[in-house]
Amino acid sequence: ESLARELRQAIDRDQLSLVYQPQTSINGRKVLAVEALVRWNHPVRGPLSPGAFIPIAEETGLINDLGMWVLKRACEDAAKWPHLKLSVNVSPIQFRHPQFIERLSSILGMTRLNPHRLEVEVTESVFSNKDRTVLETLQKVHEMGVRVALDDFGAGYSSLSYLRQFPFDTLKIDRGFIAGLESSPHATAILGTIINLGEALGMSVVAEGIETEQQAAFLRLTKCDRLQGFYLSRPVPADEIRDVEHRLA
Ligand code: G
Ligand code: G
Ligand code: MN
Ligand code: NA
């Protein structure tokens, strides 16, 4: 049986689940937001990470239904944390679906989530082809009051021109720059410069992949707005967010 067929069933049979990774204030003590991350509890293979099935979902178009399942579940869960923002990863393919806006509005209506609490994370690949519909739909999402984050910034063939092509609310700096902090003076200079750039453009800046106290300490000296990474918290099930908040406070 193909993984694609199994994935179709997984969406229908509730074999998918979400974990949430907290994003904290710069001092690491206050949780400000959570990023939803999908998991597949495969009946035979065990838990699968998104890297193992998101590409297949994108190739087969299943990403549309999977993505809507993720959005709906995450917006429902967000009612448990009225003080936190919610980040959800959205594939560029989803923005090409003619009903995306309609379905997103319907989920926000049903779950009564304030659109301002929701942030969609997109990678630079939203710019990869000349398809204007992706950016037009992203613009409509923005006009609904939903915030838009540029994820993994600096990981690919980044172009600063992307920052001119869309008014992103948030810049998520790829964890590669954080990982390079200890070993590379260049990584340190680039990281500091990206943070200043985001700040100058009025964006919230999130540093991802914080794994050590040293990395957190460096970022405390910058104008970065939020920290995310295993040092603060691993992704956890919805009902453990409260515990993480207490541990960090
Ligand atoms: O959780 P993990 O590190 O395994 O995630 C790997 C990748 O999968 C990350 O790039 C993340 O953005 C992506 N991902 C996680 N959840 C979702 C989701 O719900 N939708 C999409 N499109 N990508 C996701
Ligand atoms: O591409 P995206 O930023 O959406 O990927 C998020 C993924 O990064 C999550 O699946 C999460 O498991 C992973 N992640 C989160 N924090 C860390 C970290 O501190 N180190 C590493 N190596 N991965 C992390
Ligand atoms: Mn992300
Ligand atoms: Na990222």
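Residues numbered from 1 in each chain as written. Chains lettered and ligands numbered in written order. Predicted model: local features only at pLDDT ≥ 70, side-chain atom pairs only at ≥ 80, totals over all residues.

**Description of the pairing of strand β2 (residues 31-42)**
Note the following rule: Strand pairing is assigned whenever DSSP detects at least two bridges linking the two strands. Secondary structure elements are taken from DSSP: a helix is a run of H or I of four residues or more, a strand is a run of E of two residues or more, and numbering for both begins at the N terminus.
Pairing geometry for strand β1 (residues 16-24) and β2, over nine bridges, is antiparallel. Along β2, the bridge assignment pairs Gln 21 with Glu 35. Hairpin connection between β1 and β2: a loop of six residues separates the two successive antiparallel strands, and Gly 28 in this loop has a positive phi of roughly 75 degrees. Across four bridges, β2 lies against strand β4 (residues 85-89) in parallel orientation. Across the sheet, residue Val 34 finds its bridge partner in β4, namely Leu 86. Bridge count for β2 against strand β3 (residues 46-48) is three bridges, and the pairing is antiparallel. When the sheet's bridge partners are listed, Asn 41 is paired in β3 with Pro 47.

**Some details on the pairing of strand β5 (residues 118-122)**
Condition: Working definition of burial: number of other C-beta atoms within 10 Å of the residue's own, with buried at 20 or more, exposed at 12 or fewer, and partly exposed in between, all C-beta atoms being placed from the backbone. By convention, orient the strands away from the viewer: a clockwise path from the first strand over the helix to the second makes the crossover right-handed.
With respect to burial, β5 is a largely interior element, four of its five residues being buried. Sheet topology note: the β4/β5 ladder contains four bridges and is parallel. By the bridge assignment, Ser 87 is partnered in β5 with Glu 119. By the bridge criterion, four bridges tie β5 to strand β6 (residues 147-153) in an arrangement that is parallel. Considered in β6, the bridge of Glu 121 is made with Ala 149. Between the parallel pair β5 and β6, the chain is carried across by helix α6 (residues 132-143), and the sense of this crossover is right-handed.

**Considerations on the confidence of the model for the chain**
How we decide: pLDDT measures how confident the predictor is about each residue, on a scale from 0 to 100.
Scored by pLDDT, the chain comes out at a mean of 94, with 100% of its residues at no less than 70. Of the two predicted TM-score estimates for the complex, the pTM is 0.97 and the ipTM is 0.96.

**Quick look at the environment of Pro 82**
By the element assignment, Pro 82 lies in the loop between α3 (63-77) and β4. Overall, the presence of 9 C-beta atoms within 10 Å leaves Pro 82 in the exposed class. Measuring from C-alpha to C-alpha, the distance between Pro 82 and Asn 114 comes to 9.6 Å, with 32 residues separating the pair along the chain.

**Quick notes on the site of ligand 1**
Our working rule: Working rule for contacts: place C-beta from the backbone, and if it is within 6 Å of a molecule or strand, that residue counts as near it. Note on residue categories: nonpolar means Ala, Val, Leu, Ile, Met, Phe, Trp, Tyr, Cys or Pro, charged means Asp, Glu, Lys or Arg, and polar means any other residue, Gly included.
In the region of ligand 1, the neighbouring residues are Leu 37, Val 38, Ser 49, Pro 50, Gly 51, Ile 54, Gly 67, Val 70, Asn 89 and Ser 91. Put simply, the parts of the chain that give the shell around ligand 1 at least two residues each are β2, α2 (50-60) and α3. For the shell around ligand 1, the element with the most residues is α2, which contributes three residues. Residue classes in the shell around ligand 1 are distributed as five nonpolar, five polar and no charged.

**Things to note about the site of ligand 2**
Leu 37, Gly 209, Glu 211, Gly 229 and Phe 230 are the nearest of the 13 residues found near ligand 2. Split by residue class, the shell around ligand 2 holds four nonpolar, four polar and five charged.

**A word on the packing of α3 against helix α5 (residues 100-111)**
This is how it is decided: Every angle, taken between N-to-C directions, lies between 0 and 180 degrees, and every axis is a line fitted to C-alpha atoms, over only the stretch in contact when it is a helix. Should an angle lie under 35 degrees it is considered roughly parallel, over 145 roughly antiparallel, and from 65 to 115 roughly perpendicular; all remaining angles are considered oblique. When the near helix sits turned anticlockwise from the far one by under a right angle, the crossing is termed left-handed; a clockwise turn instead gives a right-handed crossing. What counts as a contact is two residues whose backbone-derived C-beta atoms lie within 7 Å of each other.
Contact geometry of α3 with α5 gives a least axis separation of 9 Å together with a crossing angle of 20 degrees. Regarding the angle of α3 to α5, the classification is roughly parallel. For α3 against α5, the interelement crossing comes out right-handed. Taking contact as the criterion, the partners of Met 68, Leu 71, Lys 72, Cys 75 and Glu 76 in α3 are, on α5, Arg 103, Leu 104, Ile 107, Leu 108 and Thr 111. Considered class by class, the residues forming the contact of α3 with α5 number six nonpolar, one polar and three charged.

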